[in-house]
Every structure is written in structure tokens, then in C-alpha cells.
Amino acid sequence: LQAQFEARTVERVYRALVKGPVRQESGTLESRLVEDRSLQVHAARGSEGKTAVTRYRVLARGQDTTLLELSLGTGRRRQIRVQLAAIGHPIVGDREHGGPGGQFRRLCLHATRLGFIHPATGKALRFESAAPPAWV
């Protein structure tokens, strides 16, 4: 299973409710992230850090929010939170990265799908969990 994560073949899909209107219907966020000594993750400048890739698509639009589906091309710590904040769309409830508080009293980031090949049986497995319907 660890080899699948390292090879980036594990399917990881999230839903996030973000601040503001995301203009493009879909896109790819690619940046470099660096973790400091206090384990805080930041967007890097220049060639330092590690590459982080996240693909997104708009699922719904609210008055002041956008619901996104995000799939990871890489699996860096706090990747989604840092990348969305860097483009001006922090996640609702993510006060650490500039997100608004919101009515939900939680970070509005939810893992909706995990898929991988079972290491012993070779069977493709997929687990799904719906995000809260009230997010938009």
C-alpha cells in the first residue's frame, strides 16, 4: 500500500467549500511547498520545497462561496489548504490560512473518495463518504 502512495496511484478526492467565486470551472494548482521547523507549511519561493499538484473542478456556487472537488496529484502535508489560500480562495473555517469562520464551525474540507489496489488480493477498492449537503 505504501508503494502505491509513493507511486501516486492512490485515488484521493476531496470536497472543499472555499471563500469567494472561483472563476475557472476547472484547473490545476501547481506550486512548491516548504515545511518550516515549527511544522508550518508555506508556499515556497523559487526552487526550494517540494512540488504539489492539485486538480480541481467547480461543483456549485453559493452567494459568497464555491464548492470544489479536488483530486491530489501529490500528497504533501496541508497541500490543499495552502494552495487554495495562495490563490485567494481559503477554505471556509480555515482561520490559520485566512479562511472565514462560517456557520459550520469546522474546516470545510472533506475526504470524499479513497481508491487503491488491495495489496494482498489485487482487488480495486474504493471508499466514499458524502460531504455535508448544506455546504452550498
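Whatever comes next refers back to the structure up there.
Residues numbered from 1 in each chain as written. Predicted model: local features only at pLDDT ≥ 70, side-chain atom pairs only at ≥ 80, totals over all residues. Heavy atoms only, no water.

Chemist: Even after reading the chapter, I still don't get the sheet that holds strand β7 (residues 124–128), so can you show me in this structure?
Modeler: Whether parallel or antiparallel, the strands of a sheet pair through hydrogen bonds between backbone atoms. Reading across the sheet, the seven strands line up as β3-β2-β4-β5-β1-β6-β7 and stay open at both edges, with antiparallel pairing between neighbours. With one partner strand each, in any of the chains shown, β3 (41–43) and β7 form the two edges of the open sheet. Here the strands of the sheet are splayed against their neighbours by 30 degrees on average, with no regard to which way each runs. In this sheet, β7 lies alongside strand β6 (residues 109–117) in antiparallel orientation, the contact comprising five bridges. Looking across to β7, one finds that Gly115 is bridged to Arg126. Across the face of the sheet, helix α2 (residues 79–86) comes into contact with β1 (11–19), β2 (26–35), β3, β4 (50–61), β5 (65–72) and β6 while running at roughly 70 degrees to β4. (Pairing = 2+ DSSP bridges. Helix = DSSP H or I, 4+ residues; strand = E, 2+ residues; numbered from the N terminus. Axes fitted to C-alpha atoms, helices over the stretch in contact; angles between N-to-C directions. Contact = heavy atoms within 4.5 Å.)

Chemist: Would you mind going over the pattern of salt bridges with me for this structure?
Modeler: Working definition: two side chains of opposite charge can pair if their charged atoms are close together. Tallying each qualifying case throughout the model produces eleven salt bridges. Salt-bridge contacts for Glu25 lead to Arg61; the nearest nitrogen and oxygen are separated by 2.5 Å. Taken together, the positions of Glu25 in the loop between β1 and β2 and Arg61 in strand β4 put the pair 36 residues apart, joining distant regions of the chain. Here Glu25 falls in the partly exposed class, since its relative accessible area comes to 48%. Linking Arg113 and Glu69 is a salt bridge whose minimum nitrogen-to-oxygen distance equals 3.9 Å. Residue Arg113 is located in strand β6, and its partner Glu69 is located in strand β5; the two are separated by 44 residues in the primary sequence. Each member of the pair, Arg113 together with Glu69, is buried. Each of Glu11, Arg15, Arg57, Glu69, Arg113, Arg126 and Glu128 takes part in one network of salt bridges that share partners. (Salt bridge = Lys/Arg side-chain N within 4 Å of Asp/Glu carboxyl O. Buried < 20%, exposed > 50% of the residue type's maximum accessible area, 1.4 Å probe, protein only.)

Chemist: Please clarify how the pairing of β5 should be interpreted in this entry.
Modeler: With respect to burial, β5 is a largely interior element, seven of its eight residues being buried. Looking at chain direction, β1 and β5 are connected through seven bridges and run antiparallel. What sits directly across from Ala16, in β5, is Leu68. Pairing analysis gives seven bridges linking β4 to β5, with the strands arranged antiparallel. Residue pairing in the sheet places Tyr56 in a bridge with Leu70 of β5. Counting the residues in the hairpin turn of β4 and β5 gives three residues.

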